[in-house]
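# Overview (structure and organization)
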Amino acid sequence: MKNNKKASPWKSLRVGLIALLCMVVLAYGFQITRVDLQELRSESRQASLIRVIRALAKPDILEHDQVEEVVNLPIYVPCPEDGSIPSGPEQDKSEPYLAVSPTCASPGDVVQVEGFNFAPYTEGPLRFVPGSDPDNIVTLGRDNAETDADGHFIVDMELPNRPSDDVQYIRATLRRNVGAPHLTQTAHDTWDKIVETVFMALLATVFGTMLAIPLSFIAARNLMAPVRSPLASISLSVLGWPIGIVVGYMAVRWVGGLSASIGSTIWINVASVVISPVLIAFGLSWALPQVETTTSPSIQLRLARIGVLILAVLVGFYGLFQLASLAINSGGMLEETLGSFGFVGYFLFQLGDIVAIITPALGALAVGGTLSSVLGRIGQRSSEKMPVSGLKILNIILATVTGATVLGLLGQLVEWMYQIGQPMYTLWIPLSVGGASGFLLALFTKAKDALPIGMVIYYITRTFLNALRSVEALVMAIVFVIAVGIGPFAGVLALGLHTIVSLAKLYSEQVESIMTGPLEAVAATGANRLQTIVYAVVPQIIPPYISYTMYRWDINVRMSTIIGFVGGGGIGFLLQQNINLLNYRGASAQMLAIAVVVATMDYISSVLRERTI
Amino acid sequence: MLQIRNLTKIYEGGVKALDNVSFEVADNQFLAVIGLSGSGKSTLLRCINRLIEPTEGQILWNGEDITAASQDEMRRIRRKIGMVFQHFNLVHRSKVITNVLAGRLGYVNPAWSLVNRFPKEDVEKAILQLQRVGIAEKAYQRADELSGGQQQRVGIARALMQDPEMILADEPVASLDPVLAHSIMTYLEDINKKDGVTVLCSLHFLDLVHRYADRAIALNEGKLVFDGLPEQIDDEKFKEIYGRDAERVG
Ligand SMILES: Nc1ncnc2c1ncn2[C@@H]1O[C@H](COP(=O)(O)OP(=O)(O)OP(=O)(O)O)[C@@H](O)[C@H]1O
Ligand SMILES: [Mg+2]
């Protein structure tokens, strides 16, 4: 405070130095970005700039059908040496015809070409046709003919350097619009691609959002910080994942085989799809009573309930497989019968395919998660009940096994990716290092201590998200183009992945800034962690989640318009192609389409956002 | 019977919010907790249902050690302890009835509650509780459309849904006007006298303490400085509780 009042010379000097530094940085920036206004003034640049701008101002959207009047006129270049010009067939003066004077000339001479009886106000190229064939499609020159009200034109034309003893031709091709304007091929292509673009953005946003939501919870500090577990529980739940994934994958694959062997006719599909939910509902309502009775159920009853639950889940997966099969079958049928609405069938077919592919993965994850949480609870119970010395031994064994398993699996992953082929480095060392660190961890922590596993998961998730978020979607697209080939699917994957990581970050910040009061109140009623999240966290984050999803949707539309530049599908591909072919009118149509779509989506999303808040 | 033994809470920053506090609360008692702002009232109440982990000491309730309870046992204990907050702590964007039903979360099967399915009896009970606090007609409005006094009644209905044996009320009327304050306190008194629920209630105004409490304890910088009948708080005690410079109002 006191320093501010006096202007000390040191201070002025410092300000001066900072200003100087800024100047130097700017100057350097000018140099390395080659700011060069001279380039703008050069004539050829300006000429092409004007050409491009004019083309851009005429987007290739509408055109007329055209009729052509083509007339050839014989000419000798140079004049025959004997001076005799064989007269061609007499021209019909009631039809369009051409006249040239002189009728022969040397290469490079200028001749005057006159046209009569053409349709009024038409235009088209006036060209020299080399060779003696009047139907030759090769033409030379750049002249243009334009008729007046009487269908007459006069053009001075320079003859090209194509001397020949034979007769050659001058050809006028005058074109005239007929009928109402209609959309050009470019416009049709642009429409197709813009639809593709919008749907790429849509798919990426939908799938990205679905995966970002669960991630955002485990990337939120306030939810994860209170998550603490004793070592035995942590070890068991970590072990539960790989075991559960393998078991679940095999079980669901088995169910899939069963479903396939039962049959894939449409009637079996429909029957299964109808019956399975009923069976599941029965199973669930018996195995999960709505109110927990005060007396805890007997062991037999519990086991029976667990058995029924497992059965219900298996039936559920059977139902999923049958649903997929139903979608594939009916989709195929619809595609054939629906005609122009065949895309509905295609959609169903693809959807069924997706379900069939992800069901085993889903099963693996579900069983992994369940086994992990069941084992975790067993670990929790035993940590509470067991005497310290026994627990210590249990901890040491479990932590060692877990550490070895985790690092061993990571080592195998590295082996699979890089094919090192040295089990010493990818198997034995990770196994022993993992085992040793688990052992040490168990040795140096108190047996009953609850370790902050929540924060560990939080930091791992955050690191992962931050690392992936710093990779641009365009770069991801390049990777996916290599993985799944050029096309919109690569674009969807790239945009989807980018959506997941960036939304997960934004969402988790929203979770971190919720009001803690309701959280506290719901926890105080005896609700468990999941219930607390559903009743106290979810209602609070719905509006910001919607608004961020809309914002992301905006970004995805923009991104999907240019992701085609690297082969990711959508309109960008077309745009880039047209720019490379110097077809600026085509490019202009695509740019216009992008502008319209982006502005429309922008508007829609802002309206929706206003509604939800 | 609730027994607090040598309870100490030291926050991470090193603040000693509770300093070796011991007292007992008989069943069906209405106990007022008083003290200056920052004296540790909220900390004390939150330690009892372990929203805050005490650093040292024991809390026994009907002979069971709350401080040693496992997660599953805590769920069972908490559902018998209702809590009412100064800022109501309702979930604003949820309906009133959902806020009230949240009081059953400790009882219902978690799997069903996650998809917002409650047994029919619970829904009926929620309406009954809302009737008891006089706002049944607001059941299907959003919680943030209610006035402060109405929100606090929803908070009480939520606590009642737990079939509580004890209610912890942390300055339940501090953000309400005096008339509303009395109406809310009357509900708590009613619950205490009619349903036989033990009530621990932190309060800022001594006239409320005199009017509603059977007994009062006072905290000053985390230490228990008074334990007795409200009438026993004379000028001398008052200065001990609130500091030498404090003036009595009301
Ligand atoms: N989460 C926390 N972390 C660190 N210190 C805290 C925390 N919560 C409270 N404190 C400190 O503990 C002391 C007691 O706080 P407490 O909230 O229990 O007081 P109080 O009596 O409820 O006050 P008030 O009447 O203002 O609500 C205060 O000094 C406060 O600054
Ligand atoms: Mg307080």
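What counts, and where the lines are drawn
Residues numbered from 1 in each chain as written. Chains lettered and ligands numbered in written order. Predicted model: local features only at pLDDT ≥ 70, side-chain atom pairs only at ≥ 80, totals over all residues. Heavy atoms only, no water. 1 Å grid on protein atoms, 1.4 Å probe; cavity = no way out; pocket = protein on both sides within 12 Å on 5 of 7 lines; lining within 4 Å. Points joined across faces, edges and corners; volume = space filled by probe spheres on them. Helix = DSSP H or I, 4+ residues; strand = E, 2+ residues; numbered from the N terminus. Nonpolar A, V, L, I, M, F, W, Y, C, P; charged D, E, K, R; others polar. Pairing = 2+ DSSP bridges. Axes fitted to C-alpha atoms, helices over the stretch in contact; angles between N-to-C directions. Domains from an automatic or database assignment. Disulfide = S-S within 2.5 Å. Buried < 20%, exposed > 50% of the residue type's maximum accessible area, 1.4 Å probe, protein only. Near = heavy atom within 4 Å. Polar contact = N/O pair within 3.5 Å; in protein donor to acceptor, adjacent residues only side chain to side chain. Areas by Shrake-Rupley, 256 points an atom, 1.4 Å probe, with all protein chains shown as cover. Contact = heavy atoms within 4.5 Å. Buried area = accessible area lost by both parts, 1.4 Å probe. Core = buried A, V, L, I, M, F, W, Y, C linked by side-chain atoms within 4.5 Å.

### Regarding the layout of surface pockets
All names here are of chain A. Within this model, the second largest pocket holds a volume of roughly 1,500 Å³. Surrounding the second largest pocket, 34 residues form its lining, Leu-203, Phe-207, Ile-354, Phe-489 and Val-492 being those nearest its centre. Only helix 5 (185–218), helix 10 (342–385) and helix 15 (488–512) provide two or more residues apiece to the lining of the second largest pocket. Broken down by element, the lining of the second largest pocket gets its largest block of residues, 14 residues, from helix 10. When the residues that make up the lining of the second largest pocket are grouped by side-chain class, the tally is 28 nonpolar, 3 polar and 3 charged.

### Observations regarding the sheet that holds strand 9 (residues 215–220) of chain B
All names here are of chain B. The sheet built from 6 strands is open, its strands ordered 6-7-8-3-9-10 with mixed pairing. Every other strand in the sheet has two partners, leaving strand 6 (81–84) and strand 10 (223–228) as the edge strands with one partner each. On average, each strand axis in the sheet is tilted by 15° relative to the strand beside it, whichever way the strands run. Here strand 9 pairs with strand 10 via 5 bridges, running antiparallel. Bridge pairing in strand 10 places Ala-216 opposite Gly-228.

### Observations regarding the domain arrangement of chain A
Splitting chain A by domain gives domain 1 (42–61 + 184–213 + 471–613), domain 2 (69–183) and domain 3 (229–385). Distance between the C-alpha centres of domain 1 of chain A and domain 3 of chain A: 33 Å.

### Things to note about the state of the cysteines
Enumeration according to the criterion identifies 1 disulfide over all chains in this entry. Through a disulfide, Cys79(A) is tied to Cys104(A); the S-S separation comes to 1.7 Å. Disulfide Cys79(A) to Cys104(A): torsion about the S-S bond roughly 95°, handedness right-handed. In this pair, Cys79(A) sits in the loop between strand 1 (62–75) and strand 2 (97–101) while Cys104(A) sits in the loop between strand 2 and strand 3 (110–116), placing the two residues 25 residues apart along the sequence. Exposure remark for Cys79(A): the relative accessible area of 32% places this residue in the partly exposed category. Cys201(B) forms no disulfide, and the closest cysteine sulfur to it belongs to Cys47(B), at a distance of 18 Å. For Cys201(B), a relative accessible area of 0% translates into the label buried.

### Comments concerning the site of ligand 1
Residues and elements named next belong to chain B. For ligand 1, the set of nearby residues contains 13 residues, the closest of which are Ser-37, Gly-38, Lys-41, Ser-42 and Thr-43. A distance of 2.7 Å is found between an oxygen atom of ligand 1 and a backbone nitrogen or oxygen belonging to Gly-38. Between ligand 1 and the protein, one listed contact pairs an oxygen atom with a side-chain N or O atom of His-204 at 3.4 Å. In isolation ligand 1 has 630 Å² of accessible area, and contact with the protein removes 60% of it. Examining the composition of the shell around ligand 1, we find that 3 residues originate from one element, helix 1 (residues 41–48), more than from any other. The residue makeup of the shell around ligand 1, split by class, is 4 nonpolar, 7 polar and 2 charged.

### Some words on the domain arrangement of chain B
Residue and element names in this part refer to chain B. The domain boundaries assigned to chain B delineate domain 1 (1–80 + 164–250) and domain 2 (92–163). Inter-centroid distance (C-alpha atoms) of domain 1 to domain 2 is 25 Å. Taken together, the 16 residues of domain 1 in the interface contact 17 residues of domain 2. Counting the surface domain 1 buries against domain 2, the share from its top three residues, Arg-79, Pro-164 and Tyr-187, is 39%.

### Here we look at the nonpolar core
Of all hydrophobic cores here, the largest spans 77 residues; its most connected members are Val537(A), Ile156(B) and Met185(B). With sequence-adjacent residues up to four places away left out, Ile156(B) is seen in contact with Val84(B), Val133(B), Ile184(B), Tyr187(B), Leu188(B) and Ile191(B). With 30 residues, the next largest nonpolar core counts Leu18(B), Val21(B), Leu44(B) and Trp61(B) among its residues.

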